[in-house]
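# Descriptive analysis of the structure
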Amino acid sequence: KRRCHEDLNMSKLALIPALLACALAANAQSTAPVTKGEMSRVMAKVEPVAALMFGIKIPAREITSSKSPVTRVEFIAELDRLFNLAKPKFVYTPRALPFDQKIIDDRNSPASAKILTKFAKWGAIGPVAPIVTGSDAGLNPREFGDTLAYFVLRLSALTHQPVAGQTPDLMREGVPANNVRKDDGVS
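The paragraphs below set out a description of the structure included in this document. No experiment lies behind these values; they were computed from the predicted model shown.

Here the focus is the overall build of the protein chain. Helix and strand counts for the protein chain come out as 7 helices and 0 strands. For the protein chain, the N- to C-terminal ordering of α and β elements is α-α-α-α-α-α-α. Taken over 187 residues, the protein chain has a buried fraction of 39%. Within the protein chain, contacts between residues separated by at least 24 positions form 77% of all contacts whose residues are at least 6 apart in sequence.

What follows concerns the pattern of salt bridges. Under the counting rule described, the total for this entry stands at 4 salt bridges. Among the salt bridges present, the one from E74 reaches K36, with a minimum N-O distance of 3.1 Å. With a gap of 38 residues between them, E74 in helix 3 (residues 72–86) and K36 in helix 2 (residues 36–54) connect regions that are remote in the sequence. A residue is classified by how much of its surface remains accessible, and E74, at 30% relative accessible area, is partly exposed.

One way to put it is that helix 3 packs onto helix 5 (residues 110–122) with a least axis distance of 10 Å and a crossing angle of 50°. Looking at the two axes, helix 3 sits oblique to helix 5. The interaxial crossing formed by helix 3 with helix 5 has left-handed handedness. Along the contact surface, helix 3 presents V73, I76, L79, D80, F83 and N84, while helix 5 presents S112, I115, L116, K118, F119 and W122. Here the residues of the contact of helix 3 with helix 5 are counted per class, giving 8 nonpolar, 2 polar and 2 charged.

Formed by 39 residues in total, the largest nonpolar core has its most connected members in F119, I131, L148, F151 and L155. Tallying contributions element by element places helix 2 first for this core, with 8 residues. Contact partners of L155, with chain neighbours within four places excluded, come to F54, L82, F83, A86 and F90.

Here I76 lies in helix 3. When its relative accessible area of 1% is taken as the criterion, I76 is described as buried. The spacing of I76 and V132 is 56 residues in sequence and 9.3 Å in space, taken between C-alpha atoms. If we ignore the near neighbours within four places in the chain, the residues touching I76 are S112, I115, L116, F119 and I131.

At a minimum axis separation of 11 Å, helix 2 and helix 7 (residues 141–158) run at an interaxial angle of 10°. Relative to helix 7, the element helix 2 lies roughly parallel. Of the two elements, helix 2 crosses helix 7, and the hand of that crossing is right-handed. Only F144, L148, V152, L155 and S156 of helix 7 make contact with helix 2, whose side of the interface consists of M39, V42, M43, V46, M53 and F54. Here the residues of the contact of helix 2 with helix 7 are counted per class, giving 10 nonpolar, 1 polar and no charged.

About the cut-offs
- Residues numbered from 1 in each chain as written.
- Predicted model: local features only at pLDDT ≥ 70, side-chain atom pairs only at ≥ 80, totals over all residues.
- Heavy atoms only, no water.
- Helix = DSSP H or I, 4+ residues; strand = E, 2+ residues; numbered from the N terminus.
- Buried < 20%, exposed > 50% of the residue type's maximum accessible area, 1.4 Å probe, protein only.
- Contact = heavy atoms within 4.5 Å.
- Salt bridge = Lys/Arg side-chain N within 4 Å of Asp/Glu carboxyl O.
- Axes fitted to C-alpha atoms, helices over the stretch in contact; angles between N-to-C directions.
- Parallel < 35°, antiparallel > 145°, perpendicular 65-115°, else oblique.
- Left-handed = near helix turned anticlockwise from the far one by under 90°.
- Nonpolar A, V, L, I, M, F, W, Y, C, P; charged D, E, K, R; others polar.
- Core = buried A, V, L, I, M, F, W, Y, C linked by side-chain atoms within 4.5 Å.

Below, the structure written as structure tokens:
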């Protein structure tokens, strides 16, 4: 039996990857692209927590100290690696979210477009986020941190059973949740 404090601890753990990613993004003055070394260090901090949170095994990574900018294609590959490791632990399939396929196709290689389309359908990226529309020169710290935080939080949602009455994806259209009053704006 799970106890309330265990659920609370899991809730706190769910925030850690986002906070780590946002710590990098806090250096908002910098417009220089995130380097491969910076991405490597951030992912090395995020992955153990993600492994615990999602209940998966993530192979150890070699941390690089490269000062060359990480490209969007390389970052997309890192996110795809994490997505594929977490996907067997997804507990529900949400409705596919709307997005503009043309934007993804026009601004990315076919291989990256395929991965980004998958992420967009699962709601793991913003449909016009910098990871989709940005330059090939890379992402600045704010764009990198926002993308990673959004992505990890979405994976966290997909790997935990939602409560039907509090999850719009699981509510029947037009039927308010039992625990929400009509005067709260839900119809």
